[in-house]
Amino acid sequence: MMVSFLRENSIAAAILAVIRIFLGYSWLTAGWGKLSGEGFDATGYLQHAVANPVKGPDGSLVYGWYVNFLENFAIPNAGLFNALIPIGEFLVGLGLILGCFTTAAAFFGLVMNFSFFLAGTVSHNPTDIFLGSLILYSGYNAGRYGLDRWVIPFIRRTFFKNRDNLAPKTT
């Protein structure tokens, strides 16, 4: 019942549009602040996350694999992350506000939220994860009152028109 409400109901689509725009504004302003500022550098944040990892009650690392990822990939490639984070935040926000590629925007927003969360930043991440999960789970209906109303059918008609011809024939 709840699944069909979220995925098919027009009232749910309107509620999701409000949630989507609220969340999108948060992402857009975070990204724009980094893009238009004096320069964004994630190196200090990454080093702090490695120096002060999330630990359990017994003092052991909770996300040791993530600390290894930060040490061995993120910090050596900090320049890449310095570009990806602000652009990603801005594009996620733009996608959510416009309702264009809504599920993709929600997915990549969740990837960033979980990345911040795994690094030990709580902030508003739990709320963003909950709202982003609702949007992602709702699928196309979350973008019904946005550009997805026209973009998704166009993509399906243009790129997937011969999809039935690609399926293997069964005899």
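Details of the structure are given in the entry above.
Everything in this summary refers to the structure shown in the same document. Predicted model, so just to flag it, every value in this text is computed and none were measured. (Residues numbered from 1 in each chain as written. Predicted model: local features only at pLDDT ≥ 70, side-chain atom pairs only at ≥ 80, totals over all residues. Heavy atoms only, no water.)

## Some remarks on a nonpolar patch on the surface
Quick note on the threshold: The patch calculation keeps residues exceeding 30% relative accessible area without a salt bridge and links them within 9 Å when they carry like charges or within 5 Å when they are nonpolar (Val, Leu, Ile, Met, Phe, Trp, Tyr). For the area figures, the Shrake-Rupley method with a 1.4 Å probe applies, and any residue is considered shielded solely by the protein chains shown. Here a salt bridge means any side-chain nitrogen of Lys or Arg lying within 4 Å of a carboxyl oxygen belonging to Asp or Glu. The secondary structure listing takes helices from DSSP runs of H or I that are at least 4 residues long and strands from runs of E that are at least 2 residues long, numbered from the N terminus.
Together, W32, L35, I87, L91, L94, L98, L147 and W150 line one region of the surface with nonpolar side chains, adding up to about 790 Å² of accessible area. No other element matches the four residues that helix 5 (residues 78–98) contributes to the nonpolar patch. The residue L98 is located in helix 5 in this model.

## With respect to the packing of helix 2 (residues 10–36) against helix 5
When two helices pack together, their arrangement is captured by the angle between the axes and the distance separating the axes. Applied cut-off: Here an axis means a line fitted to C-alpha atoms, over the contact stretch when the element is a helix, while the angle between two N-to-C directions is reported on a 0 to 180 degree scale. Angles are sorted into four bins: roughly parallel if under 35 degrees, roughly antiparallel if over 145, roughly perpendicular if 65 to 115, and oblique for all others. Helix crossings fall into two classes, left-handed where the near helix is turned counterclockwise from the far one by less than a right angle and right-handed where it is turned clockwise. The contact criterion used is simple: two residues touch if any of their non-hydrogen atoms lie within 4.5 Å. As a working rule, the residues Ala, Val, Leu, Ile, Met, Phe, Trp, Tyr, Cys and Pro are called nonpolar, Asp, Glu, Lys and Arg charged, and the rest polar, with Gly in that last group.
Between helix 2 and helix 5, the least distance of the axes is 7 Å, while the angle of their chain directions is 150°. Classified by the angle their axes make, helix 2 and helix 5 are roughly antiparallel. Of the two elements, helix 2 crosses helix 5, and the hand of that crossing is left-handed. In this structure, helix 2 uses R20, I21, L23, G24, Y25, W27, L28, A30, G31, W32, K34 and L35 to contact helix 5, whose residues at the interface are I85, P86, I87, E89, F90, V92, G93, L94, L96, I97 and L98. Tallied by class, the residues present in the contact of helix 2 with helix 5 amount to 17 nonpolar, three polar and three charged.

## Here's the deal with the nonpolar core
Stated formally: Definition of nonpolar core: a set of buried residues of the types Ala, Val, Leu, Ile, Met, Phe, Trp, Tyr and Cys, connected through side-chain atoms within 4.5 Å. A 1.4 Å probe rolled over the protein chains alone gives each residue an accessible area, and that area as a share of the maximum for its type sets the label: buried under 20%, exposed over 50%, partly exposed in between.
Counting residues in hydrophobic clusters, the biggest one holds 13 residues, and the most contacted among them are L23, W27, V92, L96, M112 and I135. Those elements that place two or more of their residues in this core are helix 2, helix 5, helix 6 (102–118) and helix 7 (125–138). Other than its neighbours up to four places away in sequence, V92 contacts W27, A105, F108, G109 and M112. By size, the runner-up hydrophobic cluster in this structure holds twelve residues, among which are L46, L70, A74 and I85.

## Brief notes about the packing of aromatic side chains
Formally: Pairing of aromatic rings covers Phe, Tyr and Trp, the last through its six-membered ring, and needs centres within 6.5 Å; plane angles under 30 degrees mean stacked, over 60 mean edge-to-face, and all others mean tilted. Counting as a charge over the ring demands two things of the Lys NZ or Arg CZ atom: a distance within 6 Å of the ring centre and an angle within 35 degrees of the ring normal.
In this structure the tally under the stated criterion is seven aromatic pairs. Aromatic side chains W32 and F90 sit 5.9 Å apart centroid to centroid with 45° between the ring planes, which places their arrangement in the tilted category. One end of the pair, W32, is in helix 2; the other, F90, is in helix 5, and 58 residues separate them in sequence. Owing to a relative accessible area of 23%, F90 belongs among the partly exposed residues under this scheme. The structure contains a cluster of three or more aromatic residues connected by ring pairs, namely W65, Y66, F69, F73 and F81. A cation over a ring is seen here: R7 above Y137, with NZ or CZ 5.0 Å from the ring centre.

## Quick word on the pattern of salt bridges
Inspection of every chain in the model, using the stated rule, returns one salt bridge. A salt bridge links K34 to E89; the nearest nitrogen and oxygen atoms lie 3.0 Å apart. Of this pair, K34 sits in helix 2 while E89 sits in helix 5, placing them 55 residues apart in sequence.

## So, the side chain of N125
Worth spelling out the cut-off: Pairs of N or O atoms are called polar contacts if they sit within 3.5 Å, as long as, within protein, a hydrogen donor faces a hydrogen acceptor (for residues adjacent in sequence, only side-chain-to-side-chain pairs).
Mapped onto the fold, N125 is located in helix 7. Note on N125: relative accessible area 3%, which makes it buried. Here T121 takes part through its backbone oxygen, which lies 3.0 Å from a polar atom of the side chain of N125. Not counting residues within four places of it along the chain, the set of residues in contact with N125 comprises N113, F116 and F117.

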